[in-house]
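Commentary on secondary and tertiary structure
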Amino acid sequence: MPELPEVQSMIDTLIDDGCLNHKIIGVETIMPKLFKNSDFKEFENHIINEKIENISRIGKYLIFHISHKKVFVVHLRMEGKLFYDDADFPYNKRHTLVRIIFNNKKELRYNDTRRFGTFTIYNENDYINSKEISKLALDPLDENFNWKYLKNNISKSSRHIKTLLLDQTNVAGIGNIYADEILHASNINPLKQGNKITDKEFKTISDNATKILQLAVKNKGTTISTYFFKREKKGEFQNFLKVHTKKDKPCTKCKTTIEKIKVNGRGTYFCPKCQNE
Ligand SMILES: [Zn+2]
């Protein structure tokens, strides 16, 4: 599942490749159910003849800012990807669920093999207060994010810290890969309860969350299986992973064998020595 660094890398790539400020002259879908608060016709009317003026991010959501103060919001869920292609570049007809056609012989294509992604439309003034966006916490790259904010959201809960970090209402943008990496860097056991975490540990977790996500953005995200930030372009952060996917390998800090357990149903990697409490 794309997490903050993967979503940010896709946005950076779309903008760098020149996706902004071209007139939209057509839109097609093979899966009208993708559009959550509108039917496809409404989505089409919402964006046709407009331009994408900017793309921003809140947590793992992509916010497409359209001319005339309109917005559409995309969540990639499990396998969603966005590609800005030449109109004659071949695409997979079965997995390309949406094509937004510009007047410069280019298309923005939404590819999703699992079909769990969502598109929703808003006016610019409304999306911040929408049900899906308003409940999101700050992410670790937000300038207002700090250890006290994290403590305030987590320290009253008896749930496991791994589960608490994945809850987008506590801290946004972190998924399974980065939660494992952050806890390993912080020497904290994924099963430790939120209400047992000390102030010092909150500081460590908060610092590591920011540092690791920044480094992952710089490396265009993590490709373990199917993530591409651009056609055929894999991220590089898998080369920096210390614990996630490293079952039976030696810990980079202490050489103890990395173990894999389930925490709230999610495969979780940790070092039993460095992360013994
Ligand atoms: Zn270790």
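Residues numbered from 1 in each chain as written. Predicted model: local features only at pLDDT ≥ 70, side-chain atom pairs only at ≥ 80, totals over all residues. Heavy atoms only, no water.

1. With respect to the sheet that holds strand E4 (residues 70-75)
By definition, the strands of a sheet pair up through backbone hydrogen bonds, in either a parallel or an antiparallel sense. To be explicit about the condition: Pairing between strands is defined by DSSP: at least two bridges between the two strands are required. Numbering of helices and strands runs from the N terminus, with a helix taken as a DSSP run of H or I at least four residues long and a strand as a DSSP run of E at least two residues long. Fitted lines through C-alpha atoms give the axes, limited to the stretch in contact for helices. The angle between two N-to-C directions lies from 0 to 180 degrees. Any pair of residues with heavy atoms lying within 4.5 Å of one another is described as a contacting pair.
If you walk across this open sheet you meet the 4 strands as E2-E3-E4-E8, and the pairing is antiparallel. What marks the edges here is a single partner per strand, and that holds for strand E2 (52-58) and strand E8 (118-123). Shown here is a sheet whose adjacent strand axes are inclined to one another by a mean of 20°, direction ignored. Relative to strand E3 (residues 61-66), E2 runs antiparallel, the two being bridged by 6 bridges. Counted as the bridge partner of Ile 58 is Tyr 61 from E3. The sheet strands contacting helix H1 (residues 4-16) are E2 and E3, and the helix crosses E2 at an angle near 170°.

2. Thoughts on the packing of H1 against helix H7 (residues 199-218)
Each packed pair of helices is defined by two parameters, the angle between the axes and the distance between the axes. The criterion, for reference: Helix crossings get a hand from a simple test, with the near helix turned counterclockwise from the far one by less than a right angle marking a left-handed crossing and a clockwise turn marking a right-handed one. Residues are sorted three ways: Asp, Glu, Lys and Arg are charged, Ala, Val, Leu, Ile, Met, Phe, Trp, Tyr, Cys and Pro are nonpolar, and all the rest, Gly among them, are polar.
One way to put it is that H1 packs onto H7 with a least axis distance of 9 Å and a crossing angle of 35°. For H1 against H7, the interelement crossing comes out right-handed. Between H1, through Leu 4, Pro 5, Gln 8, Ser 9 and Asp 12, and H7, the contact on the second element is made entirely by Leu 213, Ala 216 and Val 217. For the contact of H1 with H7, the per-class residue count stands at 5 nonpolar, 2 polar and 1 charged.

3. Details of the sheet that holds strand E6 (residues 96-102)
With antiparallel pairing, the 4 strands of this open sheet are ordered in space as E1-E6-E7-E5. Single-partner strands in this sheet number two, and they are strand E1 (24-29) and strand E5 (81-86). Adjacent strand axes in the sheet meet at a mean angle of 20°, parallel and antiparallel pairs treated alike. For E6 and strand E7 (residues 106-111), the ladder comprises 5 bridges, and the chain directions are antiparallel. Paired with Thr 96 across the strands is Asn 111, a residue of E7. Set on the sheet, helix H2 (residues 40-47) makes contact with E1 and E6; between it and E1 the angle comes to about 160°.

4. Details of the domain arrangement of the chain
Rules: Bear in mind that the domain bounds are from an automatic or database domain assignment. By convention, the term buried area covers the 1.4 Å-probe accessible surface removed from two parts as they join, with the contributions of both added. We define a salt bridge as a side-chain nitrogen of Lys or Arg found within 4 Å of a carboxyl oxygen belonging to Asp or Glu. Two N or O atoms count as a polar contact when they lie within 3.5 Å, although within protein this holds only if one can serve as hydrogen donor and the other as acceptor, and sequence-adjacent residues are included solely when both atoms are side-chain atoms.
What the domain assignment lists for the chain is domain 1 (4-134) and domain 2 (147-270). In this complex, domain 1 contributes 18 residues to the contact, which on the side of domain 2 involves 18 residues. Both faces combined, the contact of domain 1 with domain 2 buries some 1600 Å², and carbon together with sulfur accounts for 59% of it. It is Pro 5, Glu 6 and Phe 83 that lose the most area in domain 1 upon contact with domain 2, and together they represent 30% of the buried surface on that side. In this assembly, domain 1 and domain 2 are joined by 2 salt bridges. Among the ionic pairs, Arg 231 bridges to Asp 85, the shortest N-O distance being 2.5 Å. At the junction of domain 1 with domain 2, the criterion picks out 7 residue pairs in polar contact (both at pLDDT 80 or more). When contributions to the side of domain 1 that touches domain 2 are tallied by element, the ones reaching two or more residues are H1 and E5.

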